[in-house]
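Next come the chains, spelled out residue by residue.
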Amino acid sequence: MIKKSFHFSSFQLLICFEFQKSLTTEKCCDGFNIERRHSMLTLETSGTNVLLQARDCARKIVATYRLCSEQLSSQEHYDYGMRAVMAVLRAATNLKQRYPEEDELVLMLRSIIDVNLCKFLSQDVPLFNGIVSDLFPGVVLPAPDYTLIDKAIKENCASMNLQPTLYFMTKIIQLYEMIIVRHGLMLVGLSYSGKTCCLRVLQRALTDMSTWGNNNERAVQIATVNPKSVTMGQLYGQADNVTQEWADGVLAVRFREQASNPNKDRKWLVLDGPVDAIWIENMNTVLDDNKKLCLPNSEIIQMSSSMNMIFEVGDLAVASPATVSRCGMVYLEPHQLGWHPLMVSWISTLPACFPAHVKSHLRGLFEWMVNACLRFVRKTVKEISPTGDTALVVSLMRTFYSLIDEVKTEDGVKALGVDKLVIWVDSLFLFSLVWSIGSTGETEARIAFDELLRKLATGVSPEGYELVIPLPHEALNAPMMPPAHTVHDFMFDKITAKWKLWTDTIVPAEIPETATYDQMIIPTKDQMRYTFLLDKAITYGSPFLLVGGTGTGKSVYVNRHLLKGLSKEKFNTILVCFSARTSANMVQNQIDGQLDRRKRGTYGPPAGKTCIIFVDDLNMPQPEVYGAQPSIELLRQYMDFGGWYGRDCVFRNIIDVLFVSAMGPPGGGRNLVTQRYLRHFNQVGVSQVSGESLVLIFSTILNWHLCTKFEFSRDVVDLAGHVIDATMEIYDNARTKLLPTPTKSHYTFNLRDYARVIQVQIRDSIYS
């Protein structure tokens, strides 16, 4: 039998010894009976201090993990193995050294809670608290002294315009405690759960504490890499296929820089990207007690004592148990943080010329309507593409802010007047609400949202929404959209301060006599409203995403506006079309090749211009075996960190670039895109073209053909309306009755099928 030797403190030795003895008569957490197993560890003792309650503490650890494995929910990031026990022992050792006279059961309870509580879901926390309270009856934990770090955290939250809520502060403290006891840890949580902000606030807080000279804290240096935005060879290093010359990878370079840095600062290497069983397995020797990075060229880099490996991931659905057991876990949940802190921070960024009562009124509108609308979306709407609650609210804020350019200065507010400003605020809030939370579904969902919003505006709480509508609440100071049309049919006219139909903004198109069929673009209300939203997003500098089915005109709207609606002196465009075979290197080469070098390490369009990168078919890239999409991860790295790594392993900062995208709903070769990327966009759903718009488009084309291009007789021209109506009826019946089945999967009908019918009629009339 191979014996493993570990060097522990006397406290850890005794606990491990008693833990081993307890396991010989208990069933371990993995479900294996090890009653007959021989000694698992050969312990080399050091020190002379004896822990008098080691046996009781060991039994309580065993019971805690056994009960947790039996009673708590099963999650990918839960682990109750030996490495979890060792984390508890390290924490207990640290506490014993700091408080040698404290009751040992108190120290053990504190260690168990500090190491384990941070990884549990909110529904498991009460069960865990019940387990430890039963196992440690009568043990009361003294309140920990976090005065200095709390002060540093709150100061940095204020400087970063973040809200120091209790949940956010708790997670930062839990992250700090985990960094102390584990050199490898993971921040796990969906988008808008606060992972990145926790890291950044803690980094600044510890750096501030080091300058104060308190608690012997040290400054923090961070290096961030997205492991899925590059290939495995570019991550760890690879040999040239021709010359066999070795080239280091991005991770190897960053790891070596931190490991060889002699200063005493904390060094965090953050791997922000999906964890799978391919690249993460090469990190096993780093995450276990060896703390060594082994590269393919046989180089071994020893991790320094001041380093931490931090993984920032959305989930661990495809991570191996070996990886999970090696890392400490801090789990964050978006619904625990909520959208309210983001709204409070956003309100503080509104122009200072806004009166205080206007800001307070706007905050009241959010608290009144947003929760009810979000509940409606989750309860009723079948979304074109999945969204998150906080992402929708952030989209609402961005849309509102892009619409108030005229009142962002003191002179603008004075010229408008406070009374009219309140009407503007209410009306633009409703408009933004409609085109963020209310625009994620198809036509049927929009009709239902129209009904809900009108009830809310009258002060009536719809049935089933009473618990999410506060009482009392704010009241609208502006009139609601007229009831003759849905709320999606109106825009707010700032000049008259009244609602205006989108159809009233249409300028009839003059089709040249020499135009061909594929060159004709007929303005409709759909084109007017989506182009308006796109233009405002570009002006505000917010990434914009159109999501809709095939044939809804997404690419046409965007391309037409980018080519004809923007100033050539201020903007240039790059078109990137994704396919199933698109790789991260292909995308990076295409974009880098069209950007100029501004200065060392910084790239962008020519000075004075903004580059609009239009990514069409965003969700087409085929996922890898474990679900990651490297091309999407590359673009997400730009969204999160303002650039990506070049082939020389040097980070390239990219400036004055804005992304605009379009994609279809998932399915049929299109894939789900991670919400960690989509959250950066103002996501607007493009519903199927209405019958009214179809009649307008094709009657205009057919009348142009019969009257302008060729002078047909009046009898023939009068038939155009009947042709359009008959085609429309057949099209509607085909869509509703000829549905796709497994044997008839090609039974899909969209705007292109309608267009082909009219195109054939025009072509045949030309030949005749």
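No experiment lies behind these values; they were computed from the predicted model shown.

**As for the overall build of the protein chain**
A count of helical and extended segments in the protein chain gives 28 helices and 22 strands. By its C-alpha atoms, the protein chain is 110 × 70 × 55 Å across when sized along the principal axes. Counting all 768 residues of the protein chain, 52% fall into the buried class. Partitioning the intrachain contacts of the protein chain with sequence separation of at least 6 by distance along the chain shows that 76% fall at a separation of at least 24. Surface accessibility of the protein chain: about 35500 Å² in total, with carbon and sulfur atoms responsible for 53%. Placing the 77 positive and 79 negative side-chain charges of the protein chain at their respective mean positions leaves the two points 4 Å apart.

**Points about helix H23 (residues 630-641)**
With 12 residues, H23 extends 16 Å between its outermost C-alpha atoms, agreeing within 8% with the 16 Å of an ideal straight helix rising 1.5 Å per residue. In terms of burial, H23 is largely enclosed, as 10 of its 12 residues are buried. Looking only at H23, the buried set comprises Pro630, Ser631, Ile632, Glu633, Leu634, Leu635, Arg636, Gln637, Tyr638 and Met639. Phi turns positive one or two residues past the end of H23, at Gly642, with a value near 80°.

**Quick look at the side chain of Asn671**
Topologically, Asn671 is positioned in the loop between strand E21 (657-663) and helix H24 (675-678). Within polar-contact distance, the side chain of Asn671 engages the backbone oxygen of Pro621 at 3.0 Å. Asn671 has contacts with Asn619, Met620, Pro621, Gln622, Pro623, Gln629 and Pro666, leaving out every residue within four places of it along the chain.

**Some words on the sheet that holds strand E17 (residues 602-604)**
Read from one edge of the open sheet, four strands run E16-E17-E20-E19, paired in mixed fashion. Every interior strand has two partners, whereas the edge strands, strand E16 (596-599) and strand E19 (643-645), have only one. On average, each strand axis in the sheet is inclined to that of its neighbour by 35°, with strand direction left out of account. In the sheet, E17 pairs with strand E20 (residues 651-654) via two bridges, with the strands oriented parallel. By the bridge assignment for E20, Tyr603 is matched with Ile654.

**So, the packing of aromatic side chains**
Scanning the model with the defined rule gives 21 aromatic pairs in all. Taking 5.9 Å as the distance between ring centres and 85° as the angle between the ring planes, the aromatic pair formed by Trp435 and Tyr530 counts as edge-to-face. You can see Trp435 sitting in the loop between helix H18 (418-434) and helix H19 (443-457) and its partner Tyr530 sitting in helix H20 (residues 525-540), a full 95 residues away along the chain. One exposure class covers both Trp435 and Tyr530, and it is buried. Each member of the aromatic cluster is reached from another via a ring pair, and the members are Tyr65, Tyr78, Tyr80, Phe120 and Phe128. Here the guanidinium or amino end of Lys151 rests over the ring plane of Trp212, the centre of that ring lying 5.0 Å away. Just above the ring of Tyr603 sits the side chain of Arg652; from NZ or CZ to the centre is 3.8 Å.

**A closer look at the packing of helix H2 (residues 54-71) against helix H5 (residues 125-135)**
At a closest axis distance of 10 Å, the pairing of H2 and H5 adopts a crossing angle of 150°. Considering the angle they form, H2 stands roughly antiparallel to H5. The handedness of the crossing between H2 and H5 is right-handed. In this structure, H2 uses Lys60, Ala63, Thr64, Leu67, Cys68 and Gln71 to contact H5, whose residues at the interface are Leu127, Phe128, Ile131, Val132 and Leu135.

**A few points about the nonpolar core**
Ranked by size, the top nonpolar core spans 99 residues in total, and within it Met283, Met309 and Phe311 carry the most contacts. Per element, the largest residue contribution to this core is 10 residues, and it comes from helix H7 (residues 166-181). With near-sequence residues (within four places) excluded, Phe311 lies in contact with Leu185, Met186, Leu187, Leu271, Trp279, Ile280, Met283, Leu287 and Cys327. Membership of the second largest hydrophobic core comes to 80 residues, among which are Trp339, Ile437, Met481 and Ala662.

**Thoughts on the sheet that holds strand E14 (residues 544-548)**
Across the sheet, which stays open at both edges, the five strands sit in the order E15-E18-E21-E14-E22 with parallel pairing between neighbours. Each having just a single partner strand, strand E15 (571-577) and strand E22 (682-686) make up the two edges of the open sheet. For this sheet the average axis-to-axis angle between neighbouring strands, irrespective of direction, equals 15°. Pairing analysis gives four bridges linking E14 to E21, with the strands arranged parallel.

**Some points on the pattern of salt bridges**
Applying the stated criterion to the full structure yields 28 salt bridges. Asp288 is paired through a salt bridge with Arg326; the nearest N and O atoms lie 3.8 Å apart. You can see Asp288 sitting in the loop between helix H11 (284-287) and strand E8 (292-294) and its partner Arg326 sitting in helix H12 (residues 321-326), a full 38 residues away along the chain. Take Asp288: its relative accessible area is 14%, and that puts it in the buried class. In this structure, Arg363 and Glu367 form a salt bridge, with 3.4 Å as the shortest nitrogen-oxygen distance. Placement of the pair is Arg363 and Glu367 together in helix H15 (residues 356-380), with a separation of four residues, close to one helical turn. Arg363 gets classed as partly exposed once you look at its relative accessible area, which sits at 32%. Relative accessible area serves as the criterion here: at 30%, Glu367 is assigned to the partly exposed category. Put simply, Asp272, Glu312, Glu633, Arg636, Asp640, Arg676 and Arg679 are held in one network by salt bridges that share partners.

**Observations regarding the confidence of the model for the protein chain**
Confidence along the protein chain averages 86 in pLDDT terms, with 91% of residues attaining 70 or more. Counting contacts from residues 1-11, a segment whose pLDDT is below 50, to residues more than four positions away or on other chains yields 27 contacts. Scored below 50 in pLDDT, residues 22-51 shows 49 contacts in the model against residues more than four places distant or in partner chains.

What counts and what doesn't
- Residues numbered from 1 in each chain as written.
- Predicted model: local features only at pLDDT ≥ 70, side-chain atom pairs only at ≥ 80, totals over all residues.
- Heavy atoms only, no water.
- Helix = DSSP H or I, 4+ residues; strand = E, 2+ residues; numbered from the N terminus.
- Buried < 20%, exposed > 50% of the residue type's maximum accessible area, 1.4 Å probe, protein only.
- Contact = heavy atoms within 4.5 Å.
- Areas by Shrake-Rupley, 256 points an atom, 1.4 Å probe, with all protein chains shown as cover.
- Lys, Arg positive; Asp, Glu negative; His and termini not counted.
- Charge placed at Lys NZ, Arg CZ, Asp CG, Glu CD.
- Expected span 1.5 Å × (residues − 1).
- Polar contact = N/O pair within 3.5 Å; in protein donor to acceptor, adjacent residues only side chain to side chain.
- Pairing = 2+ DSSP bridges.
- Axes fitted to C-alpha atoms, helices over the stretch in contact; angles between N-to-C directions.
- Phe/Tyr/Trp six-rings, centres within 6.5 Å; stacked < 30°, edge-to-face > 60°.
- Lys NZ or Arg CZ within 6 Å of the ring centre and 35° of its normal.
- Parallel < 35°, antiparallel > 145°, perpendicular 65-115°, else oblique.
- Left-handed = near helix turned anticlockwise from the far one by under 90°.
- Core = buried A, V, L, I, M, F, W, Y, C linked by side-chain atoms within 4.5 Å.
- Salt bridge = Lys/Arg side-chain N within 4 Å of Asp/Glu carboxyl O.
- pLDDT = per-residue confidence, 0-100.

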